[in-house]
Each structure stands twice: as structure tokens, then as C-alpha cells.
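Each chain, letter by letter, is given below.
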Amino acid sequence: MRTTDPGDAARVELLLAELRLPAVKQVWATLAAQADKEGWPAGRFLAALAEHEIAERSRRRLERHLAEARLPPGKTLDTFDFEAVPVVSKAQVMALAAGDAWLNNGANLLLFGPPGGGKSHLAAALGFALVENGWRVLFTRTTDLVQRLQIARRELALEAAIAKLDKYHLLILDDLAYVTKDQAETSVLFELISARYERRSLLITANQPFGEWGKIFPDQAMTVAVVDRLVHHATIFEMNVESYRRRAALERKRGRGRPPIHATITANARIASPEMFPEAEMLPHLICSRPMFIGGAKDEADQHGGA
Ligand code: ADP
Ligand code: MG
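Computed from a predicted model, the values in this text were never measured in an experiment. (Residues numbered from 1 in each chain as written. Chains lettered and ligands numbered in written order. Predicted model: local features only at pLDDT ≥ 70, side-chain atom pairs only at ≥ 80, totals over all residues. Heavy atoms only, no water.)

In a structure, side chains of opposite charge can pair up when their charged atoms sit close to one another. Applying the stated rule across the entire model yields 10 salt bridges. Here Arg59 makes a salt bridge to Glu56, at a shortest N to O gap of 3.0 Å. Highlighted residues: Arg59 and Glu56, both in helix H3 (residues 42-69), separated by three residues, approximately one helical turn. On the basis of relative accessible area, Glu56 is assigned to the buried category, the value being 19%. Between Asp166 and Arg199 there is a salt bridge whose closest N-O contact spans 3.1 Å. Placement of Asp166 in the loop between helix H8 (158-164) and strand E3 (170-174) and of Arg199 in the loop between helix H9 (187-196) and strand E4 (201-206) is noted, with a sequence separation of 33 residues between them. A single salt-bridge network, built from bridges that share partners, covers Glu56, Arg59 and Glu63. (Salt bridge = Lys/Arg side-chain N within 4 Å of Asp/Glu carboxyl O. Helix = DSSP H or I, 4+ residues; strand = E, 2+ residues; numbered from the N terminus. Buried < 20%, exposed > 50% of the residue type's maximum accessible area, 1.4 Å probe, protein only.)

Listed below in C-alpha cells is the structure:
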């Protein structure tokens with residue numbers, strides 16, 4: 001049996017470092033010994049090394065993308081109780097978690113509902129699944145991002161800051177409604193939403209649906225423009241359920257059965273209720289000709305001029 005010459009071994013270590021193949025560098029000696037012992041053909045040895053490097057690279061990429069996504073820990077689809085939110089269909093969420101049907105088109109996902117209903121959890125869980133499926137995601141509280149963008153604007157670098165966010169296929173803006181226009185000049189949000197329109201996706205969670213958004217944006221025209229862009233290609237879930245924690249606490253007290261749940265929107269999540277969307281008069285076309293789409297329904301909706 002031939003074994004690796006110590007001089008060659010030293011050279012290999014140097015060359016692999018120079019080539020930046022750390023994963024190969026780590027395993028080549030063990031694999032070489034096995035190959036020598038078992039009489040592997042040279043091609044098989046090389047293939048095993050290359051496969052190892054590729055697997056390690058994709059593992060490291062995933063690790064990097066998970067770190068950059070800044071997802072809150074522990075919020076996954078596995079731990080999301082779909083039965084608690086009957087308007088949100090598990091199959092539909094699983095389809096969204098694949099990403100292709102909406103992230104490729106820059107379509108959006110909007111989650112509305114009162115506090116504690118699971119919006120942030122679902123948003124983070126989807127983000128996590130999407131990263132695992134190879135997409136790049138950033139989860140941020142809307143106020144944090146608004147602050148960052150305002151600093152960028154003061155430094156005359158708003159455009160660059162927004163362009164930098166393009167690397168994320170999905171930007172999750174948690175709690176849009178907590179931004180108020182007196183707290184901050186939120187036209188940076190308008191710039192961001194306009195820049196991503198039909199190119200890069202947004203997932204937005206908000207306690208209040210569109211009716212209250214006039215309090216967020218500096219003027220009504222801007223509010224209308226924002227809503228128009230966001231909903232043009234969007235899936236909307238109105239998660240109108242009681243606080244999950246409160247129900248869980250009640251549940252424990254009661255010790256049996258599930259507390260009643262009320263939901264206000266149909267499973268295919270269209271803008272359905274006028275109280276949810278009081279700007280209807282300003283935006284009649286949204287109601288009449290721009291139905292929400294799930295997956296591939298977008299083109300059909302556009303071509304046929306609506307529902
Ligand atoms: P929201 O963002 O709508 O205010 P959260 O997502 O923060 O609500 O939910 C509040 C808490 O309840 C979190 O700890 C979350 O993990 C949990 N929770 C809410 N809904 C669900 C659900 N359907 N399944 C499992 N946990 C849930
Ligand atoms: Mg939340």
C-alpha cells in the first residue's frame with residue numbers, strides 16, 4: 001500500500017490554504033489515508049473531496065444567511081399552531097415558504113391583526129423557512145429600519161442604503177403601525193416601498209389595516225400611493241384572532257378544549273371587508289380590479305382586469 005509522502009502532505013496543506021479550500025484542507029489527509037487503504041481510483045478520491053467542499057460551502061452560506069436575517073429565535077413553522085388561526089391555511093403558508101411564486105415577482109405578503117395573534121411569529125417562521133430554501137431575508141422592526149434610513153438620508157446616502165437592501169429577496173417589516181409620522185419623518189418608508197415595487201418583496205405586519213395608515217405617512221396622497229403599491233401584487237392575511245398567550249393562559253385555567261376563535265376573512269385572503277379598507281373611495285380600482293393573488297393567480301387577475 002502506498003501512503004502520502006510527508007513532503008507532499010506539507011505541500012498539499014500549503015496549496016489548499018492558498019486556494020482557500022478550508023473544508024478540503026480539513027479532511028483530505030483522512031480521506032487520502034482511506035483511499036490508500038481501500039485502493040480508491042484517483043477520480044473517486046477527488047470527487048469525494050470536491051463534494052465535501054461543496055457541502056461545507058452551502059452549510060456556511062446557510063449559516064451566514066441565517067445570521068444576517070436577524071430572525072427572532074425559536075419562531076418556526078413547526079412551532080406555529082395553525083389551528084389557532086383558521087384563516088391562515090397551512091398549505092398556503094407552505095407554498096409561500098418555497099418562495100418562487102412570489103419572491104421572483106417581487107410580490108408582497110401583508111399580515112394584519114391585533115397584538116398577540118401570531119403575526120410576528122408567522123413572519124419570522126416564514127423568513128426562517130425561506131432562508132433554509134436558499135433565499136436571503138432581513139427581519140427588522142419597522143421603527144429600527146426607519147431610523148437607519150433617516151440617518152442615511154441625513155448623510156445623503158438614502159438611495160445607496162435602499163439599494164443595499166436589494167440583496168434581500170424579502171424584507172420583513174415588523175409592526176408597521178408602530179411608526180407614526182410625528183415620531184419620525186416616514187417618507188423614507190415611502191422611498192423604500194417604491195424602490196422595491198415589483199422587484200423585491202416585502203412582508204409587513206401591522207396591528208391596523210390600511211385605515212390607520214394615514215397616521216404613518218406624511219400625507220394622504222403618499223398613503224394612497226403606498227397602499228396601492230403594496231397591495232398590487234399581494235397576499236393578505238387578516239389574523240383577527242384573540243391573543244395567543246391570553247388564550248393559552250385561559251386554556252390552562254379551563255384545562256380542556258380550545259377557546260373560541262373568530263376570524264373575519266376568507267381563506268383566499270382578498271380585501272373583503274370595507275371596514276378594513278376605508279380608503280375604498282379613494283382607491284376604487286383596488287377593490288374592483290386588483291384582487292389579491294396567491295401564487296400564480298396574479299397574471300390572470302391582471303389580464304382579466306380583476307375579480
Ligand atoms: P403579534 O406579532 O401578532 O403581536 P406574536 O407573533 O408576537 O403576535 O405572538 C405572541 C406570542 O404568542 C409569541 O410568543 C408567539 O410565538 C405566540 N403565538 C402566537 N400565535 C401563535 C400560534 N398560532 N402558534 C404558536 N405560537 C403562537
Ligand atoms: Mg408582533
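Once the structure has been displayed, the description carries forward.
Counting 36 residues, the largest nonpolar core has Leu149, Leu192 and Trp213 as the members making the most contacts within it. Elements that contribute at least two residues to this core include exactly strand E1 (108-112), helix H7 (142-154), H8, E3, H9, E4 and helix H10 (220-232). Per-element tally for this core: the top contributor is H10, with six residues. With residues near it in sequence (within four places) discarded, Leu192 still touches Leu145, Leu149, Ile162, Leu165, Leu171 and Leu173. (Core = buried A, V, L, I, M, F, W, Y, C linked by side-chain atoms within 4.5 Å. Contact = heavy atoms within 4.5 Å.)

Quick look at the environment of Val93 now. Following the sequence through the fold, Val93 ends up in helix H4 (residues 90-98). Taking the C-alpha atoms as reference points, Val93 and Phe82, 11 residues apart in sequence, are found 9.7 Å from one another. Setting aside its immediate chain neighbours within four residues, Val93 contacts Leu77, Phe82, Val88, Leu122, Leu126 and Phe237.

As a further point, take the packing of H7 against H9. Pairs of packed helices are described in terms of their axes, by the angle between the two and the distance that separates them. Across the interface, H7 lies against H9 with an axial gap of 9 Å and an inter-helix angle of 95°. Judged by the inter-axis angle, H7 sits roughly perpendicular to H9. Side by side, H7 and H9 meet where Thr142, Leu145, Val146, Leu149, Gln150 and Arg153 of the first sit next to Ser187, Val188, Leu189 and Leu192 of the second. Split into classes, the residues belonging to the contact of H7 with H9 amount to six nonpolar, three polar and one charged. (Axes fitted to C-alpha atoms, helices over the stretch in contact; angles between N-to-C directions. Parallel < 35°, antiparallel > 145°, perpendicular 65-115°, else oblique. Nonpolar A, V, L, I, M, F, W, Y, C, P; charged D, E, K, R; others polar.)

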